[in-house]
Amino acid sequence: MLKRIQNKEILSIIIFCLAWIASPRTLSAQDTTATSNTKRKILSTVTVRGDNKTSSTLSKVPVQIVDMEKMERSGDLLLSDAVKHMAGVTLRDYGGIGGMKTVSSRGLGSQFSTLTIDGVAVNDCQNGQVDLGRYMVGNSSLISLSNGEQDVMLLSARATAAGSIINMETMVPQFLPGENTHMRINMEAGSFGLLSPSLAFDRRLGKRMVLSIWGNWLKSNGDYPFTLYYTTSHNDSSSTELRQHSAMWMATADANLFYSISPSNTLTTKVHYIQGFHQLPGPVIYYSQKGSENTREKLFFAQTKYRCHKENASFQVIGKYQYSYDLYEDSMASSLSRYIMNEYRQNEGYLSGASVWKPSTKLSVSAATDAAITTLSSNLTQSNQVHRTTSLSTISAQYRHRKIDIKATLLATIVSERVLDSHKKTHYNKLSPYAGISIKPFNNSRLRVRYFFKETYRVPNFSEMYFFVAPLDTLRPECATQHNIGVTLPVTEFKGNDTLPHWIMTLTIDGYRNSVKDKIVAIPRQNMFIWSTMNLGLVNITGLDFNISLDWERAHTAATLSITYSYQQALDCTNPNNHKTYLNQIPYTPRNSGGISLYIKNRLVNVGYSCTLVGERYSKQQNNDNTRLEAYSDHSISIDRTFELPIGNLRLQAQLLNIFDTQYEVVRSYPMMGRNFRFKVGYYF
């Protein structure tokens, strides 16, 4: 599938799969469920209320879900760890545990992906993209990625406006009768000074209210070794160097209040705070590493969501305030050692309302409107304060029957922007449609065929317009069209007994065609903080996403296998007369990528294996040998076991990452970590 994959890495996959097949099929155990002396205890009924989760096989749009169990067994620490194995996702990782991490879904660019936490968007008007390396997953119940539009009716207009949605759902505490308090204590440590303790405290405040508090501290030295090649071919001389100036620390605090006013009315409030410091190691060029740049960041937001569900109608109201502070400093900005310090402060007030009405059991209609006022101020002498007002409104209709499911949405975008010191004003207006359909063609089969079309409109963010380089008055908004057609097939499970296996298989295949007019491409200049931007004109993306998962269980042994593969042909179609870039693959988008994960559970110890495969990419618009980045594969293994104690459970996990010590770069001149270790201890009671 991919070129230049080492033979020893392919052999390791074969050996691992053979070991699984040859593993013992039965384990001796005492059956505690069917003895004549068994004492039975009837537990009180517990009612758990929550939103219906989107099914990956019934949805009209491709959706991939990573639940809490998958994150725990994979040892995911950051949000980027949870999404990098998903099909169609291209991760840009600038190295190390603290390096900036952004994702592009299906070649559209990271600005087309919106991060929502409990359905409320996290906005960054400065960069238009969210660094997934700044968000921890320790207090999340699931992570989902939806292409096109989330397949729900009660949705904010801002979530509808994105080309793809990454959603983090906060873990809702559940208590058995007589329980009022839960605690989770975790300690994770690893190579190169990695240390990450966390603490979660859940408390029931009466019959209808629950408080959840979670905190985490993460730090790393980032001084990992790497191989420095003196030519782009990697066939000449090389030396082993140590990554410099890449230490970081980050603290996260998260508090949630869940209030069930009545069975049909809920109120949730979240307060979230992040503060961090990151040294920027800079690119490894000209046989040297620059180590004089740092960033400091703070992020605070408070959001409240009220929901009311009735038999024929539902509505929600969301209110949010967000503040962020970013500081970039360079003590050696020039040959004169001139000190540079750029500060950016962002404030946003956001209000959203949405309602759904069901005139019949098969038909639903909805409307939503959002309003946001955002300001960005800086200490720069030019364009030091920008003010943006955004209004988004949607109307939707859905018809759902046993064999067919149809949804259509129309989004209106109105943006008004002004630079306060120059009195410059800019206005943007756009109507964007969406339509999706899912059909079940056969009565005796679970096979479903789906299709969606969507048009997405993206206004340039503040950095693209004002802060990267001189003001870019000619930078135009992006307009993307998405077409997707696919099939989903959940294979009927076979229910076995102690000698016959029990298994479930799910298959999804989606082909897509995306076209981006006036695509804005950001290329790092001398570091990961200062970029240059440009409109490419026209980019056409043709791709295929393939997902297959298999859950197998027999006696006291169970296994989960998942395989993903993505093909992306993202071509610059701007100027046929420019033979240097016309029909070239756009920067940092591999044509081929995929992954394999295998997890085996038994009574002794659980074993996990994962492999990420990424094909050739190019670091610039011109595709040649000098801009080519080699294909690579990254393999990891883990073992874990949970011990039941008189009070609570103790979970131990050990991971060996990049087991073959593969030297690779996700972004040119930013070498990634080689072989490294992680250990995690968790106590839950």
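In the block above lies the structure referred to throughout.
Quick notes on the rules
- Per chain, residues are indexed from 1 in the order of the written sequence.
- Reporting of local features is limited, given that this is a predicted model, to residues whose pLDDT is at least 70; pairs of side-chain atoms are given and counted only at 80 or more, and all residues count toward the totals for whole chains, interfaces and linings.
- Hydrogens and water molecules were not included; the side-chain quantities draw on all heavy atoms of the structure.
- Under the DSSP-based scheme used, a helix requires at least four consecutive residues in state H or I and a strand at least two consecutive residues in state E, with every element numbered from the N terminus.
- The buried label applies to any residue whose accessible area, calculated with a 1.4 Å probe on protein chains only, is under 20% of its type's maximum; exposed applies above 50%, and partly exposed to all values in between.
- By definition in these notes, contact holds between two residues if any of their heavy atoms fall within 4.5 Å.
- Method for areas: the Shrake-Rupley scheme with a 1.4 Å probe, in which residue coverage is limited to the protein chains shown.
- Nonpolar cores were defined as sets of buried Ala, Val, Leu, Ile, Met, Phe, Trp, Tyr and Cys residues, with membership established by side-chain atoms within 4.5 Å.
- In the cavity and pocket records, a cavity denotes points on a 1 Å grid over the protein atoms alone where a 1.4 Å probe fits but cannot get out, a pocket denotes an open set with protein on both sides within 12 Å along at least 5 of 7 lines, and lining residues are residues with an atom within 4 Å of a point.
- Grid points are joined across faces, edges and corners, and a volume is the space filled by probe spheres set on the points.
- Gly is put with the polar residues, along with every residue not named as nonpolar or charged; the nonpolar set is Ala, Val, Leu, Ile, Met, Phe, Trp, Tyr, Cys and Pro, and the charged set is Asp, Glu, Lys and Arg.
- Only when DSSP finds a minimum of two bridges between them are two strands counted as paired.
- For helices, the axis comes from a line fit to the C-alpha atoms of the stretch in contact; other axes are also lines fit to C-alpha atoms, and the angle between any two N-to-C directions lies between 0 and 180 degrees.
- Only residues whose relative accessible area exceeds 30% and that form no salt bridge enter a patch; like-charged residues are grouped when within 9 Å of one another, and nonpolar side chains (Val, Leu, Ile, Met, Phe, Trp, Tyr) when within 5 Å.
- Salt bridges are defined as contacts in which a side-chain nitrogen from Lys or Arg sits within 4 Å of a carboxyl oxygen from Asp or Glu.
- Stacked, tilted and edge-to-face are the three classes assigned to paired rings of Phe, Tyr and Trp, where Trp is represented by its six-membered ring and a pair needs centres within 6.5 Å; plane angles under 30 degrees give stacked, over 60 edge-to-face, the rest tilted.
- Charge-over-ring contacts are defined here by two conditions on Lys NZ or Arg CZ: a distance within 6 Å of the ring centre and an angle within 35 degrees of the ring normal.

Participant: Mind showing me how you'd approach the overall build of the chain here?
Facilitator: Across its full length, the chain holds 5 helices and 39 strands. Out of the 685 residues in the chain, the part that is buried amounts to 50%. When contacts within the chain are restricted to residue pairs at least 6 apart in sequence, those whose partners lie at least 24 apart make up 64%. Surface exposure of the chain reaches about 31,500 Å², of which carbon and sulfur atoms provide 57%.

Participant: What's the story with the nonpolar core in this structure? I'm lost.
Facilitator: Most often, soluble globular proteins keep nonpolar side chains buried together rather than apart. Core analysis: the largest hydrophobic core is formed by 33 residues, its most contacted members being L79, V83, L115, Y135, I143, I166 and L218. Ignoring any residue separated from it by four or fewer positions in sequence, one finds L115 in contact with L79, V120, A121, V122, V130, Y135, I166 and M168. M100, V614, Y664 and Y670 belong to the second-largest nonpolar core, a separate cluster that totals 11 residues.

Participant: When you look at empty space enclosed by the protein in this model, what are you seeing that I'm missing?
Facilitator: Space left empty within the atom packing is revealed by a probe, the size of a water molecule, rolled over the atoms. If you walk through the whole model with that rule in mind, you get 8 cavities of 30 Å³ or more. Empty space within the largest cavity amounts to approximately 580 Å³. Taken together, 30 residues line the largest cavity, and the ones lying closest to its centre are Q111, T114, N123, R458 and V459. Of all the secondary structure elements, the ones that give two or more residues to the lining of the largest cavity are β4 (113-117), β5 (120-122), β21 (385-400), β22 (404-419) and β24 (448-458). Here the residues of the lining of the largest cavity sort into 13 nonpolar, 12 polar and 5 charged.

Participant: What am I meant to see in the sheet that holds β4 here?
Facilitator: Sheets are built from strands paired through backbone hydrogen bonds, the pairs being either parallel or antiparallel. Across the sheet, which stays open at both edges, the 5 strands sit in the order β1-β6-β7-β4-β5 with mixed pairing between neighbours. On the outer flanks of this sheet lie β1 (63-67) and β5, each paired with one strand and no other. Shown here is a sheet whose adjacent strand axes are inclined to one another by a mean of 25°, direction ignored. For β4 and β5, the ladder comprises 3 bridges, and the chain directions are antiparallel. The partner of I117 across the bridge, within β5, is V120.

Participant: Would you mind showing me how to read a nonpolar patch on the surface here?
Facilitator: Together, M187, F643, L645, L652 and V681 make up an exposed nonpolar region whose accessible area comes to about 380 Å². Secondary-structure assignment places L652 in strand β36 (residues 649-657).

Participant: I keep staring at the pattern of salt bridges and nothing clicks. Help me out?
Facilitator: If charged atoms from side chains of opposite charge come close, those side chains can pair. Within the structure shown, the criterion is met by 21 salt bridges. The shortest N-O distance in the salt bridge between R450 and D510 comes to 2.7 Å. Here the residue R450 occupies a position in strand β24, and D510 occupies one in strand β26 (residues 502-517), the gap between them amounting to 60 residues. For R628, the salt bridge identified is with E616, shortest N-O distance 3.6 Å. Remark: E616 occurs in the loop between β32 (606-614) and β33 (617-618) and R628 occurs in strand β34 (residues 628-629); sequence separation between them is 12 residues. The class of R628 is buried, set by a relative accessible area of 19%. Each of K60, D151, R400 and D405 takes part in one network of salt bridges that share partners.

Participant: Honestly, the packing of aromatic side chains in this entry has me stumped. Any pointers?
Facilitator: Describing an aromatic ring pair means giving the distance of the ring centres and the angle of the ring planes. Per the counting criterion, the structure on display carries 5 aromatic pairs. Relative to F315, the ring of Y306 has its centre 5.9 Å away and its plane inclined at 55°; by these criteria the two rings are tilted. Among the residues examined, Y306 registers a relative accessible area of 23% and is labelled partly exposed. Judged by centre distance (4.0 Å) and plane angle (10°), the ring pair of Y632 and Y664 falls under stacked. With a gap of 32 residues between them, Y632 in strand β35 (residues 632-644) and Y664 in the loop between β36 and β37 (665-667) connect regions that are remote in the sequence. Take Y664: its relative accessible area is 9%, and that puts it in the buried class. Across from the ring centre of F301, 4.4 Å away, lies the NZ or CZ of K320, which sits over that ring. Across the ring face of F112, the terminal group of R458 is positioned such that the distance to the ring centre comes to 6.0 Å.

Participant: How should I be thinking about unusual backbone geometry in this particular structure?
Facilitator: Most peptide bonds take the trans configuration, and most residues that are not glycine carry a negative phi. Look at D118: it is not a glycine, yet its phi comes out positive at around 55°. According to the relative accessible area criterion, D118 is buried, its value standing at 14%. A positive phi is found at H245, a non-glycine position, where the angle reads about 55°. The residue H245 is located in the loop between β12 (238-242) and β13 (248-262) in this model.

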